[in-house]
Amino acid sequence: MLDWLQFILAPQVINGLSIGVAVVLMALGLTIIFGLLDVINMAHGEFYALGAYLGYALIASGVSFWFALVFVPLLMVPIGYATERLLIRRVFHSKERHILTLLLTFGLAILLEDGLKLAFGANPLKPEQPISGASEIIGLYFPNYRLFLMAVGVLIIVAVWLTVYRTSLGAMVRAAAFDRHMAASLGVRVSHVYAGTFAFGVALAGISGVLLAPIYSVFPTMGKDFVLIAFSVVIIGGMGSIKGAVLAGLILTQIQAVSSLYISPVWTDPLLFGIMVLVLMVRPQGLFGRLGHG
Amino acid sequence: MLRLENVHTHYGLSHVLQGVSLTVEEGEVVGLFGRNGVGKTTVMKTIAGWVRPTSGSIELGGESIAGMASDDICRRGIGFVPEDRRIFPGLSVEENLKLGLLQCPRRPARESREKLERIYQRFPRLKERRNQMGTTLSGGEQQMLAMARVLVGAPKLLLIDEPTEGLAPMIVDEIFSIIGGLREEGVPILLVEQNVHRAVEVSTRFYALERGLIILEGKASSAADRKALMESIAV
């Protein structure tokens with residue numbers, strides 16, 4: 001029994017956690033953008049890929065992984081900001097906003113994916129592991145890079161949480177998410193908050209790309225499967241809920257990790273979507289409430 | 001100070017304001033009265049920039065503000081206390097108040113702190129509940145919070161829409177005494193209120209609105225004007 005815990009369950013749990021943290025980063029970006037702007041960003045997976053490629057290109061040009069890890073999200077901020085102000089803003093006030101922003105970001109996803117194919121080719125690229133070796137925990141060896149990924153991911157999640165719930169900037173964002181007219185009438189520059197939030201969500205996708213590139217390879221469609229999991233996490237956790245994204249992200253990836261001990265890994269994704277369908281049937285609004293709504 | 005000239009506002013196809021002209025001068029409390037659905041709230045929302053006027057001019061201190069974004073209008077000095085209070089859920093009383101400080105950006109932290117303290121002196125009950133969620137306050141306290149978070153930024157002019165709606169009589173007295181206090185201080189106010197008798201008492205001047213048009217203007221000090229007002233809005 002102890003052996004089973006130590007050698008079979010524990011590695012699954014820890015590997016699941018490292019993927020879980022990355023999924024939460026993606027889901028956070030998606031859910032914050034939805035919670036504030038009411039926009040479903042279909043290009044989120046491609047922004048993730050763009051981040052991975054930017055990181056890859058920067059490292060290939062000679063800078064260190066650590067520099068890329070900090071610089072890529074900084075590069076993604078103006079890209080996200082411009083996307084909101086130049087594209088999404090144009091259809092934002094339309095009555096057909098939901099369908100238009102969905103189509104717009106879907107088109108952007110296709111453009112980004114093909115742009116990446118043109119620039120870097122369709123073949124997977126494999127960046128070097130920035131941290132090699134493994135560390136012993138409870139008598140087992142875990143790759144150091146995965147441990148690092150978890151630590152950074154948790155730090156970012158905590159920082160996002162504190163920013164949204166403990167700072168005046170966060171209060172502005174929550175106020176604008178709930179009632180943009182009232183927030184504006186108190187002086188909140190709502191249009192900047194919108195663009196800034198979109199940029200922030202996109203930067204989160206970008207940093208996830210850089211972080212995960214050394215584990216999975218870098219290829220133009222790398223965001224597709226990953227964003228599907230992030231989408232189900234957001235739907236189960238509650239569209240626009242930060243708490244929901246964090247909890248659902250961690251729990252669902254654990255369910256996937258542990259269930260793969262008993263069922264073929266082929267079935268772990270259907271299991272996830274099955275849970276999503278069940279949640280939608282029982283609690284269509286998801287487990288938690290939307291950003292700014294209490 | 002505030003001047004509306006022939007303002008028209010549409011909601012889609014419905015023509016809500018059909019040429020409203022009114023003024024609010026320094027030190028005045030101006031009542032805007034009328035039956036339900038005649039466009040009083042739309043006048044307020046149009047001034048505050050929540051809806052754009054389709055034509056006409058709105059000037060604050062000689063500067064045109066028609067069609068400006070609400071946050072720019074706020075920064076020009078118009079404080080809007082809308083109908084239904086619109087307190088943000090999930091934000092504490094103090095967070096709600098601090099949002100109001102955004103009207104005057106780049107103030108030193110000490111000055112903001114002092115402003116907050118002054119507001120707490122005026123509304124001691126909000127100070128007691130500063131860490132409570134804004135939406136857990138009673139209706140009257142929420143109304144005070146809605147007014148306080150606008151007043152904290154020291155606006156040049158206030159728009160107050162239905163401040164006593166749904167409140168207990170004792171709280172209604174309190175709200176009117178706050179408005180009376182603001183009048184003493186010389187803060188110009190445009191006030192929409194169902195409780196016309198009480199509202200006229202704190203007003204200096206008033207207008208009656210009927211189907212998107214001003215049909216009457218009068219002085220609160222004139223008994224004849226008051227009589228005409230009551231007749232014009234009587235059901």
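Cut-offs used in this document
- Residues numbered from 1 in each chain as written.
- Chains lettered and ligands numbered in written order.
- Predicted model: local features only at pLDDT ≥ 70, side-chain atom pairs only at ≥ 80, totals over all residues.
- Helix = DSSP H or I, 4+ residues; strand = E, 2+ residues; numbered from the N terminus.
- Rg over C-alpha atoms; globule rule 2.2 N^0.38 Å.
- Buried ≥ 20, exposed ≤ 12 C-beta atoms within 10 Å, placed from the backbone.
- Contact = placed C-beta atoms within 7 Å.
- Core = buried A, V, L, I, M, F, W, Y, C linked by C-beta atoms within 7 Å.
- Pairing = 2+ DSSP bridges.
- Axes fitted to C-alpha atoms, helices over the stretch in contact; angles between N-to-C directions.
- Left-handed = near helix turned anticlockwise from the far one by under 90°.
- Nonpolar A, V, L, I, M, F, W, Y, C, P; charged D, E, K, R; others polar.
- pLDDT = per-residue confidence, 0-100.
- Parallel < 35°, antiparallel > 145°, perpendicular 65-115°, else oblique.

Attention now moves to the overall build of chain B. The helix and strand tally for chain B stands at 9 helices and 10 strands. Radius of gyration (C-alpha) of chain B: 17 Å, near the 18 Å computed for a compact globule of 235 residues. In terms of overall dimensions, chain B has C-alpha extents of about 45 × 35 × 30 Å along its principal axes.

Now for the overall build of chain A. A count of helical and extended segments in chain A gives 11 helices and 2 strands. Beginning at the N terminus, the succession of helices and strands in chain A can be written as α-α-α-α-β-β-α-α-α-α-α-α-α. For 294 residues, the compact-globule estimate of 2.2 N^0.38 gives 19 Å, and the C-alpha radius of gyration of chain A, at 19 Å, lies within 12% of that figure. Along the first, second and third principal axes, the C-alpha set of chain A runs to 60 × 50 × 35 Å. A burial count over chain A gives 47% of its 294 residues as buried. A separation threshold of at least 6 residues defines the contact pool for chain A, and within that pool the share at least 24 residues apart is 77%.

Across the 8 residues that make up helix H3 (residues 93–100) of chain B, a large majority, 7, are buried. Considered for burial, the residues of H3(B) that qualify are Val93(B), Glu95(B), Asn96(B), Leu97(B), Lys98(B), Leu99(B) and Gly100(B). Buried residues belonging to H3(B) abut helix H6 (168–178) of chain A together with helix H4 (109–122), helix H5 (124–128) and helix H6 (139–151) of chain B.

In this complex, chain B contributes 23 residues to the contact, which on the side of chain A involves 19 residues. Secondary-structure elements contributing two or more residues to the side of chain B that touches chain A are helix H2 (70–75) and H3 of chain B.

Quick look at the nonpolar core now. If you look at the biggest cluster of nonpolar residues, it comprises 156 residues, and the most contacted ones within it are Met26(A), Val188(A) and Ala230(A). It is helix H1 (residues 2–37) of chain A that provides the largest number of residues to this core, a total of 16 residues. In this structure Val188(A) touches Met172(A), Ala175(A), Ala176(A), Ala183(A), Val193(A), Asp71(B), Leu99(B) and Leu102(B), once residues within four positions along its chain are discounted.

Now for unusual backbone geometry. Keep in mind that most residues, glycine aside, have a negative phi and that most peptide bonds are trans. Residue and element names in this part refer to chain B. Phi at Arg 86 takes a positive value of approximately 50°, unusual for a residue other than glycine. Within the secondary structure, Arg 86 sits in the loop between strand S6 (78–81) and H3. Classification of Arg 86 as partly exposed rests on a count of 18 C-beta atoms within 10 Å. One non-glycine residue, Arg 211, lies in positive phi territory at about 45°. Looking at where Arg 211 falls in the secondary structure, it is placed in the loop between strand S9 (205–210) and strand S10 (213–219). Residue Arg 211 is classed as partly exposed on the basis of its C-beta count, with 14 C-beta atoms lying within 10 Å.

Let's shift gears to the sheet that holds strand S8 (residues 189–192) of chain B. All names here are of chain B. The strand order across the open sheet built from 6 strands is S6-S7-S8-S3-S9-S10, with neighbouring strands paired in mixed fashion. With partners counted over all chains shown, the strands left at the sheet margins are S6 and S10, one partner each. Ignoring which end each strand starts from, the neighbouring axes of this sheet average 15° apart. Taken together, the 4 bridges between strand S3 (residues 29–33) and S9 define a ladder with parallel strand orientation. Bridge pairing in S9 places Gly 31 opposite Phe 206. Relative to the sheet, helix H7 (residues 169–185) contacts S3, strand S7 (157–161) and S8, its axis offset from that of S8 by approximately 155°. Strands S3, S9 and S10 of the sheet are contacted by helix H9 (residues 223–233), whose axis makes an angle of about 155° with S10.

With that settled, consider the packing of H1(A) against helix H10 (residues 242–259) of chain A. All names here are of chain A. Here H1 crosses H10 at 150°, and the two axes come no closer than 8 Å. Where H1 crosses over H10, the handedness of that crossing is right-handed. Packed against H1, whose contacting residues are Gln 12, Val 13, Asn 15, Gly 16, Ile 19, Gly 20, Val 23, Val 24, Ala 27, Leu 28, Thr 31 and Ile 32, the element H10 presents Ile 242, Ala 245, Val 246, Gly 249, Leu 250, Thr 253, Gln 254, Gln 256, Ala 257 and Val 258 at the interface. Tallied by class, residues from the contact of H1 with H10 come to 13 nonpolar, 9 polar and no charged.

Within a sheet, each strand pairs with its neighbour through backbone hydrogen bonds, oriented either parallel or antiparallel. Residue and element names in this part refer to chain B. The strand order across the open sheet formed by 4 strands is S2-S1-S4-S5, and the pairing between neighbours is antiparallel. The strands lining the two open edges of the sheet, one partner per strand, are strand S2 (14–24) and strand S5 (63–64). Here strand S1 (residues 2–11) pairs with S2 via 8 bridges, running antiparallel. When the bridges of S2 are listed, Arg 3 appears paired with Thr 23. Sheet strands touched by helix H1 (residues 40–48): S1, S2 and strand S4 (55–60). Its angle to S2, the strand with the most contacts, is close to 70°.

Successive residues of a regular strand alternate their side chains across the two faces of the sheet. Residues and elements named next belong to chain B. What sits between S1 and S2 in their antiparallel hairpin is a turn of 2 residues, with Gly 12 showing a positive phi close to 60°. Two elements, S1 and S4, share 5 bridges in a ladder whose sense is antiparallel. Residue pairing for S4: Arg 3 is matched across the bridge by Glu 59.

Glancing now at the confidence of the model for chain B. Residue and element names in this part refer to chain B. Here chain B averages 93 in pLDDT, and 97% of its residues register 70 or above. H4 is the least confidently modelled element of chain B, averaging 88 in pLDDT, while S8 averages 98, the highest of any element. Here the complex is predicted with pTM 0.88, and the ipTM for its interfaces comes to 0.93.

Right, let's get into the packing of H6(A) against H3(B). Look at H6(A) against H3(B): their axes get within 10 Å of each other, and the N-to-C directions meet at 90°. Between H6(A) and H3(B), the angle falls in the class roughly perpendicular. Here Ser168(A), Ala171(A), Met172(A) and Ala175(A) of H6(A) come into contact with H3(B), specifically with Glu95(B), Lys98(B) and Leu99(B). Of the residues belonging to the contact of H6(A) with H3(B), the class tally is 4 nonpolar, 1 polar and 2 charged.

Let's shift gears to the environment of Asn15(A). All names here are of chain A. Considering the arrangement of structural elements, one finds Asn 15 in helix H1. For Asn 15, a count of 16 C-beta atoms within 10 Å gives the class partly exposed. When the C-alpha positions of Asn 15 and Met 150 are compared, they lie 9.5 Å apart, and in sequence the two are 135 residues distant. Among residues more than four places away in sequence, those in contact with Asn 15 are Arg 146 and Ala 257.

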